[in-house]
Amino acid sequence: MVERKAHLDTLAVSLLIACCLFWGLQQLLIKTTVVEVPPLWQASIRFFGATVLLGIWCALRGVKLFDRDGSLPGGLLAGVLFAAEFTCIYLGLRDTTASRLTVFLYTSPFVVAILMPRISKAETLSRIQWVGLVIAFAAVALAFSEGFHGETTARQLRGDALALAAGTLWGLTTIVIRATKMATISAEKTLFYQVAVTAVVAPFLSLALGESWSLSYSTYAWGSIAAQTVIGAFASYLAWMWLLRHYPATQMASFTFLTPVFALVFGVALLHEPLTTQLVLALVGVAAGIVLVNRRKA
């Protein structure tokens, strides 16, 4: 049996903030690396590398990845959903702005909050927790509101729909992990299904989109891909899967609103982008929302 806690503790909060910090930086890394390395080819290298690292990790720790435990159907479904999410993100970026895509992508916590109580009644959000979720989302929307100025084209709407699909797929992946046999397997095997399926699917999608393949890139590009692989797709996702096994998914999901705001903060710190009032308000709003979502029920 997996011991599941009713509330996030200091360890969980620390890990979640660390993950969101890196994911915010990772958005910046992908953005600055895509000028050299096409996005889906970048994802192919990243998830192949993560699959290899995870295999080595499991071999060293004696974690079995291929024993029959009834998790295969759920694992393959989670892997397909995970790969489809990234596909929708990359395809969506061709048709809409990164700002608009970010807002629609972060509807994911609402998918988790709506569906998770069907799996565990203990994860039903109270009214004040729903208010916190809405405040956090509104803060993210405020931070990226410039992307909604001007006339909306049919192409943008198509990109927005793909972004919304990506957010839904992200939420559904979490639900599948909690609702199937995957809830009882190791965090390593849970992650293996997702990165391995994506490592297989991404190269075909890259070829279908006509991306050019190469391994001759700058030191910065390889450093960026290495960080995305080792810290992002391997270490941080493994931590997330471990957290999903032990803590409430609805409370965890609220922390993901930090990621896009952290990305903007890194833009200010590293790319010298302007520090706006909107960004400050977004940080305060997301923090307030997370506090409300994680309040203990009376």
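As the structure is a prediction and not an experimental result, all values here were calculated from the model.

Conventions used here
- Positions within a chain are numbered from 1, following the residues in the order the chain's sequence is written.
- Per-residue local features of the predicted model are confined to residues with pLDDT of at least 70, and side-chain atom pairs are confined, for both listing and counting, to 80 or more; whole-chain, interface and lining totals are unaffected and use all residues.
- Excluding hydrogens and water, the side-chain figures rest on all heavy atoms present in the structure.
- Each aromatic pair joins two rings of Phe, Tyr and Trp (for Trp, the six-membered one) with centres within 6.5 Å, and gets the label stacked for planes under 30 degrees apart, edge-to-face for over 60, and tilted for any other angle.
- Comment: elements are numbered from the N terminus, with helices defined as DSSP H or I runs of at least four residues and strands as E runs of at least two.
- Note on exposure labels: buried denotes an accessible area under 20% of the residue type's maximum, exposed denotes more than 50%, and partly exposed covers the range between, all computed with a 1.4 Å probe on protein chains only.
- In what follows, a contact means two residues having at least one pair of non-hydrogen atoms within 4.5 Å.
- For patch building, the residue pool is restricted to those with more than 30% relative accessible area and no salt bridge; the joining distance is 9 Å between like charges and 5 Å between nonpolar side chains (Val, Leu, Ile, Met, Phe, Trp, Tyr).
- Only the protein chains shown count as cover for residues, with accessible areas throughout obtained via the Shrake-Rupley method and a probe of 1.4 Å.
- Each reported salt bridge corresponds to a side-chain nitrogen of Lys or Arg within 4 Å of a carboxyl oxygen of Asp or Glu.
- Note on terminology: pairs of cysteine sulfur atoms within 2.5 Å are recorded as disulfides.

### Looking at the packing of aromatic side chains
Thinking step 1. By the definition in use, this model includes 15 aromatic pairs.
Thinking step 2. Look at W41 and W213: their rings are 4.2 Å apart centre to centre, the planes differ by 10°, and that puts the pair in the stacked class. Placement of W41 in helix 2 (residues 39-61) and of W213 in the loop between helix 8 (187-208) and helix 9 (219-246) is noted, with a sequence separation of 172 residues between them.
Thinking step 3. Classification of W41 as buried rests on a relative accessible area of 11%.
Thinking step 4. Plain terms: the ring middles of F110 and F137 are 5.5 Å apart, the flat faces sit at 85° to each other, and that makes the pair edge-to-face. With a gap of 27 residues between them, F110 in helix 5 (residues 108-115) and F137 in helix 6 (residues 127-143) connect regions that are remote in the sequence.
Thinking step 5. Note on F110: relative accessible area 18%, which makes it buried.
Thinking step 6. Counting every residue linked through ring pairs, the aromatic cluster contains W23, F47, F82, F86, Y237 and W240.

### Regarding the environment of W222
Thinking step 1. Take W222: it is sitting in helix 9.
Thinking step 2. Owing to a relative accessible area of 31%, W222 belongs among the partly exposed residues under this scheme.
Thinking step 3. Put simply, W222 and L157 are 65 residues apart on the chain and 34 Å apart in space, counted from C-alpha to C-alpha.
Thinking step 4. In this structure, W222 is in contact with I45, L215 and Y217, ignoring residues within four places of it in sequence.

### Topic: a nonpolar patch on the surface
Thinking step 1. On the surface, F48, V52, I56 and L60 cluster together into a nonpolar patch covering about 430 Å² of accessible area.
Thinking step 2. Following the sequence through the fold, I56 ends up in helix 2.
Thinking step 3. Note on I56: relative accessible area 45%, which makes it partly exposed.

### Details of the environment of F110
Thinking step 1. Spatially, the C-alpha atom of F110 lies 33 Å from that of H272, the residues being 162 residues apart in sequence.
Thinking step 2. Not counting residues within four places of it along the chain, the set of residues in contact with F110 comprises W130, L133, V134, F137 and F257.

### Examining the state of the cysteines
Thinking step 1. The final tally for this structure, using the stated rule, is zero disulfides.
Thinking step 2. Counting only cysteine sulfurs, C19 is the nearest neighbor of C20, a cysteine outside any disulfide, at a range of 6.8 Å.

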